[in-house]
Amino acid sequence: MTVILPFTRPIADRRKTRRAAIGTQPSYQPPTGPGLSAAGAAAPWVESFARHRRQPQDVYWLKENAELLSLLRVMQQRVGGGAGAGDFGDEAALSPLRPFYDRAARQLQFFPQYYRFILSICLDYEDLIGTGRTDTRAAELAHWVAHQGLVEAEMSDLQRAEARQLLARRRIAVPVDPGLDDRLRRFARRSQTFAIPNRKAAYELTHIVFYLSDYGRRDPGLDDAVQCSLTYAGLLACLDQDLDLLSEICIALRYCGVTPPPLWEQALTRALEGFVITPDGFDGDMDGYHAYFVTLWWQQICGPGQQPLGVDIGGLHTGGAFHIAMPETTSLLRPLSVWLLEVGEHSQMPAPQLWRSAVNEMTAQYGPQAGQQLCDLQQSSPMFEGFWRIFSRRGKALHKTRRINSDGISLTDQTR
């Protein structure tokens with residue numbers, strides 16, 4: 001199970017300042033009463049993320065709390081069957097977030113650039129406590145967002161899709177964008193994009209699936225090419241031992257109705273045992289909270305309902321800021337890429353022979369475990385051969401190609 005270290009780490013001066021600023025807030029009291037087991041387990045996390053890790057004026061506070069509430073909503077739906085169901089009816093577990101909810105209109109007016117975070121927090125807060133209707137504060141905020149045209153100010157199709165999904169939760173439709181879904185699907189179908197390391201593109205791919213499927217509530221209407229894209233991105237995530245991205249990819253595959261390769265999900269199961277949670281151990285730097293949250297999210301949707309947030313940490317809670325440390329992993333993505341950069345251009349080997357040479361080289365450099373890791377990855381998916389042909393980037397970049405001239409497209413030799 002996840003390791004919990006019940007001791008206090010040295011605290012940086014900047015964190016002392018932060019703690020002093022919030023020291024007058026009431027301390028967390030675990031909720032009591034029947035039917036509050038899930039809320040009781042979640043309450044220390046809400047307390048920590050709302051009051052102790054960062055301050056509400058920090059955009060990372062918005063991001064962290066939005067992601068925490070999103071995870072709680074996923075867990076609530078897994079257990080209770082829908083928005084408004086579950087163990088948060090009396091708001092006790094979410095009370096540290098009530099001040100933010102009460103002044104959310106001012107926050108939104110002052111920080112419209114963060115409207116998606118602010119709206120997401122308020123929507124999830126209401127849905128968790130069972131007040132998610134069309135006449136609530138979140139609905140008013142959503143109407144304000146729509147009337148201010150904030151969605152039209154977005155340059156990214158992905159952000160427009162997210163905003164559309166958020167507003168739809170209070171039955172507000174944004175102006176029709178006739179090509180939006182087609183553009184998202186076209187991006188997701190270009191599988192070769194995702195066989196080259198590009199974490200931003202991979203995260204955009206998973207979020208396209210999240211928004212088009214409304215987080216698993218409907219068929220996203222994505223074809224086999226998108227499944228190939230997700231598989232290529234997953235193979236890269238495995239090479240890099242990127243638990244955060246791999247979790248999102250496995251979630252996206254399941255939202256598409258596809259079971260991820262067993263090797264990938266076994267890795268996530270092992271990873272959940274390796275996170276280390278230290279109460280009162282956060283020092284202000286980034287930690288592994290997001291990887292922990294999305295790995296728990298994957299766990300919730302692929303198996304029987306689990307303990308909310310993986311562990312009940314309430315008995316060890318000290319009123320401070322949790323620090324979540326990632327499990328130790330060994331990435332082969334960079335050394336393999338460096339080796340390919342050096343030898344790939346000059347190699348005339350067929351792709352299968354180049355792969356065998358790569359396995360031998362990684363084994364020689366990093367030991368038999370590295371070689372076995374690569375062989376296992378190769379066997380994890382029948383799409384690996386296609387992935388490797390793109391990832392290995394054999395041959396020269398310049399060759400006879402089509403160049404667009406003023407009079408149209410002509411074939412020219414750019415190698416001269």
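Our subject is the structure listed above.
Now for a description of the structure that goes with this document.

Procedures and definitions
Residues numbered from 1 in each chain as written. Predicted model: local features only at pLDDT ≥ 70, side-chain atom pairs only at ≥ 80, totals over all residues. Heavy atoms only, no water. 1 Å grid on protein atoms, 1.4 Å probe; cavity = no way out; pocket = protein on both sides within 12 Å on 5 of 7 lines; lining within 4 Å. Points joined across faces, edges and corners; volume = space filled by probe spheres on them. Helix = DSSP H or I, 4+ residues; strand = E, 2+ residues; numbered from the N terminus. Nonpolar A, V, L, I, M, F, W, Y, C, P; charged D, E, K, R; others polar. Core = buried A, V, L, I, M, F, W, Y, C linked by side-chain atoms within 4.5 Å. Buried < 20%, exposed > 50% of the residue type's maximum accessible area, 1.4 Å probe, protein only. Contact = heavy atoms within 4.5 Å. Axes fitted to C-alpha atoms, helices over the stretch in contact; angles between N-to-C directions. Parallel < 35°, antiparallel > 145°, perpendicular 65-115°, else oblique. Left-handed = near helix turned anticlockwise from the far one by under 90°. Arc of directions from axis to C-beta. Phe/Tyr/Trp six-rings, centres within 6.5 Å; stacked < 30°, edge-to-face > 60°.

1. Notes on the layout of surface pockets
So, step 1. One number sums up the size of the largest pocket: a volume of about 1400 Å³.
So, step 2. Lining of the largest pocket is provided by 47 residues; of these, Lys-63, Glu-67, His-207, Tyr-211 and His-290 occupy positions nearest its centre.
So, step 3. Elements supplying a minimum of two residues to the lining of the largest pocket: helix 3 (59–80), helix 6 (115–129), helix 8 (157–168), helix 10 (199–212), helix 12 (243–255) and helix 14 (289–302).
So, step 4. Among the elements that make up the lining of the largest pocket, the one with the highest residue count is helix 3 (10 residues).
So, step 5. Of the pockets and cavities examined, the second largest pocket occupies roughly 610 Å³.
So, step 6. If you trace the second largest pocket, you find 23 residues lining it, with Gln-241, Ala-267, Arg-270, Thr-330 and Gln-373 closest to the centre.
So, step 7. Contributions of two or more residues to the lining of the second largest pocket are made by helix 11 (224–240), helix 12, helix 13 (262–272) and helix 17 (368–380).
So, step 8. With 6 residues, the top contributor of residues to the lining of the second largest pocket is helix 13.
So, step 9. For the lining of the second largest pocket, the per-class residue count stands at 13 nonpolar, 6 polar and 4 charged.

2. Observations regarding the nonpolar core
So, step 1. Leu-239 and Trp-388 are the most contacted members of the largest nonpolar core, which has 115 residues in total.
So, step 2. If you tally residues by element for this core, the top one is helix 11, at 10 residues.

3. Remarks on the environment of Pro-112
So, step 1. Secondary-structure assignment places Pro-112 in the loop between helix 5 (104–110) and helix 6.
So, step 2. Residue classification places Pro-112 among the partly exposed positions, given a relative accessible area of 27%.
So, step 3. Each C-alpha atom, one on Pro-112 and one on Leu-150, is 7.7 Å from the other, the two residues being 38 residues apart in sequence.

4. Brief notes about the side chain of Glu-162
So, step 1. On the secondary structure map, Glu-162 appears in helix 8.
So, step 2. Exposure remark for Glu-162: the relative accessible area of 16% places this residue in the buried category.
So, step 3. Beyond its immediate sequence surroundings of up to four residues, Glu-162 is in contact with Arg-116 and Tyr-211.

5. Concerning empty space enclosed by the protein
So, step 1. This structure, assessed with the given rule, holds 1 cavity of 30 Å³ or more.
So, step 2. Looking at the largest cavity, its volume works out to about 30 Å³.
So, step 3. If you go around the largest cavity, the residues you meet are Pro-56, Gln-57, Asp-58, Val-59, Leu-62, Gln-107, Phe-111 and Tyr-114.
So, step 4. Among the residues forming the lining of the largest cavity, the class breakdown is 5 nonpolar, 2 polar and 1 charged.

6. Thoughts on the environment of Val-209
So, step 1. Mapped onto the elements, Val-209 comes out in helix 10.
So, step 2. Look past the residues within four positions of Val-209 in its chain and what remains in contact with it is Pro-220, Leu-222, Leu-230, Ala-252, Tyr-255 and Cys-256.

7. Thoughts on the packing of helix 11 against helix 12
So, step 1. The interhelical angle for the contact between helix 11 and helix 12, taken along N-to-C directions, is 155°, at an axis separation of 9 Å. The pairing of helix 11 with helix 12 is recorded here as roughly antiparallel in orientation. Remark: the crossing between helix 11 and helix 12 carries left-handed chirality. For the pair helix 11 and helix 12, contact is made by Gln-227, Leu-230, Ala-233, Gly-234, Ala-237 and Cys-238 and by Leu-245, Leu-246, Ile-249, Ala-252 and Leu-253, respectively.
So, step 2. In terms of residue class, the contact of helix 11 with helix 12 is made up of 9 nonpolar, 2 polar and no charged.

8. Considerations on helix 18 (residues 384–391)
So, step 1. Of the residues making up helix 18, those classed as buried are Phe-384, Phe-387, Trp-388 and Phe-391. Along the axis of helix 18, the buried positions cluster into a sector of 95°, meaning they face one direction only.
So, step 2. Packed against the buried residues of helix 18 are helix 11, helix 15 (333–343), helix 16 (351–366) and helix 17.
So, step 3. Arg-393 lies just past helix 18 and shows a positive phi near 50°.

9. Re the packing of aromatic side chains
So, step 1. According to the stated counting rule, one finds 25 aromatic pairs in the structure shown.
So, step 2. Considering the side-chain rings of Tyr-101 and Tyr-125, the 4.7 Å spacing of their centres and the 25° angle between planes classify their relative orientation as stacked. Here Tyr-101, found in helix 4 (residues 98–102), pairs with Tyr-125, found in helix 6; they are 24 residues apart in sequence, far enough to count as distant. Here Tyr-101 matches Tyr-125 in class, with each residue buried.
So, step 3. Look at Tyr-211 and Tyr-215: their rings are 6.2 Å apart centre to centre, the planes differ by 70°, and that puts the pair in the edge-to-face class.
So, step 4. Tyr-211 gets classed as buried once you look at its relative accessible area, which sits at 6%.
So, step 5. Given the relative accessible area of 22%, Tyr-215 is considered partly exposed.

10. Topic: the environment of Leu-94
So, step 1. Tracing the chain through its elements places Leu-94 in the loop between helix 3 and helix 4.
So, step 2. Through-space distance from the C-alpha of Leu-94 to that of Tyr-125 is 7.6 Å; in sequence the pair is 31 residues apart.
So, step 3. Look past the residues within four positions of Leu-94 in its chain and what remains in contact with it is Val-46, Leu-69, Leu-72, Phe-88, Tyr-125, Leu-128 and Ile-129.

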